[in-house]
Amino acid sequence: MSEALQAALDGEYAAIYAYGRAGARLTTDQDVALNDLATHRLARDQLRAWLMQDGVDPAPPAPAYALPTPVNGNASARSLLATVELRLIPLFTELVGDQRAVPTRLNWSIRAIRNSALRAQAWGASGQAFPWPEGVAAPA
Amino acid sequence: MVDRRTVLQVAGVAGLGLAALPGCGREDQANPSAPPATPDDQQSDELALIAAYDAAIANAGTSRAAQYQRIRDEHAAHLHALGWDDVTAAQPSTDAVKRNDLIVAERRAIRLRTQAARTTDDSDLAQILALIAASEAQHLVSLEAT
């Protein structure tokens, strides 16, 4: 169970890093990005709390994360944020399967999938029948 | 039993929700001795959504029709992932369907799918339902923005 929680926490660390990098390049919707960043910090704290509740020490974030594409302007910043949001979805989907014995965590995970899909769409991702990042394999 | 990995790989990752997937149907459909299958609540709701979009497309302008068609095709992919392949079971509505009707239907769909994801005992199905709810939330935003 802890692996899925830790993987989601790692995803949130990466998202927070990406919002920091992309935020500096946005020329519009900086307020939206700040709000999304705050949401990801809350998610990070929640996931850390659940890990500790389960008796697991949450792993710390990496010092830096490789960005999938260079961020050199508004368009690439928006694209990065859309990608990052979509990349969180498999991690939350795994949590839906993994944490279903705890209703609070299950509900949180279902909401997290929806909210990431909506944020991805707001940053420019196309609608999908199954919101999912390109090139990422389905969870085992 | 829905094969989550197959559905996600084909429908989600490759974005080809309408591709035929052998072995993807529910057990009762795979068993030839089973009585004729009827759609369950989630499948019925997806069929109703497809019928509503078909009716809306018939009376929409070109741009809006394209938007409705895209969403309608995503509902067909949802239906397929839920183990029901016969899209023709969607009975076209004889009433005019307006954008606001679609918004109401999508809101209801999100609620239904979310609730089902919370309550089903099938972990794989819960994951699919959660992803479908997310897609339907995207539909809602898309409809409300136009």
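Going by the structure above, here's the rest.
Read on for an overview of the structure.

## Details of the nonpolar core
Formed by 54 residues in total, the largest nonpolar core has its most connected members in Leu 47, Phe 92, Leu 95, Trp 108, Ile 113 and Phe 130 of chain A. The set of elements that each furnish at least two residues to this core consists of helix H1 (2–23), helix H2 (30–53), helix H3 (74–98) and helix H4 (103–122) of chain A together with helix H4 (62–81), helix H5 (99–119) and helix H6 (123–144) of chain B. Take this core: its biggest share by element is 11 residues, from H3 of chain A. Counting 17 residues, the second largest nonpolar core, distinct from the first, contains Ala 52, Ile 103, Ala 109 and Ala 137 of chain B.

## Considerations on H2 of chain A
All names here are of chain A. When the terminal C-alpha atoms of H2 are compared, their 34 Å separation across 24 residues agrees well with the 34 Å that a helix rising 1.5 Å per residue should span. Three or more residues of H2 are buried, namely Ala 33, Asp 36, Leu 37, His 40, Ala 43, Leu 47, Trp 50 and Leu 51. Check the buried side of H2 and you find it contacts H1, H3 and H4. The first or second residue beyond H2 is Gly 55, which carries a positive phi of 80°.

## Here we look at unusual backbone geometry
One non-glycine residue, Asp 29 of chain A, lies in the positive phi region at around 60°. Along the polypeptide, Asp 29 of chain A turns up in the loop between H1 and H2.

## Side note on the interface of chain B and chain A
Opposite the 33 residues of chain B that make contact, chain A presents 26 residues. Interface area, chain B with chain A, both sides summed: about 2,400 Å², of which 63% is carbon and sulfur. Inspection of the chain B/chain A interface yields zero salt bridges. Where chain B meets chain A, there are 10 residue pairs in polar contact (both at pLDDT 80 or more). Of all the secondary structure elements, the ones that give two or more residues to the side of chain B that touches chain A are helix H1 (4–13), H4, H5 and H6 of chain B. Per-element tally for the side of chain B that touches chain A: the top contributor is H6 of chain B, with 14 residues. Partitioned by chemical class, the residues of the side of chain B that touches chain A number 17 nonpolar, 10 polar and six charged.

What counts, and where the lines are drawn
Residues numbered from 1 in each chain as written. Chains lettered and ligands numbered in written order. Predicted model: local features only at pLDDT ≥ 70, side-chain atom pairs only at ≥ 80, totals over all residues. Heavy atoms only, no water. Core = buried A, V, L, I, M, F, W, Y, C linked by side-chain atoms within 4.5 Å. Buried < 20%, exposed > 50% of the residue type's maximum accessible area, 1.4 Å probe, protein only. Helix = DSSP H or I, 4+ residues; strand = E, 2+ residues; numbered from the N terminus. Expected span 1.5 Å × (residues − 1). Contact = heavy atoms within 4.5 Å. Buried area = accessible area lost by both parts, 1.4 Å probe. Salt bridge = Lys/Arg side-chain N within 4 Å of Asp/Glu carboxyl O. Polar contact = N/O pair within 3.5 Å; in protein donor to acceptor, adjacent residues only side chain to side chain. Nonpolar A, V, L, I, M, F, W, Y, C, P; charged D, E, K, R; others polar.

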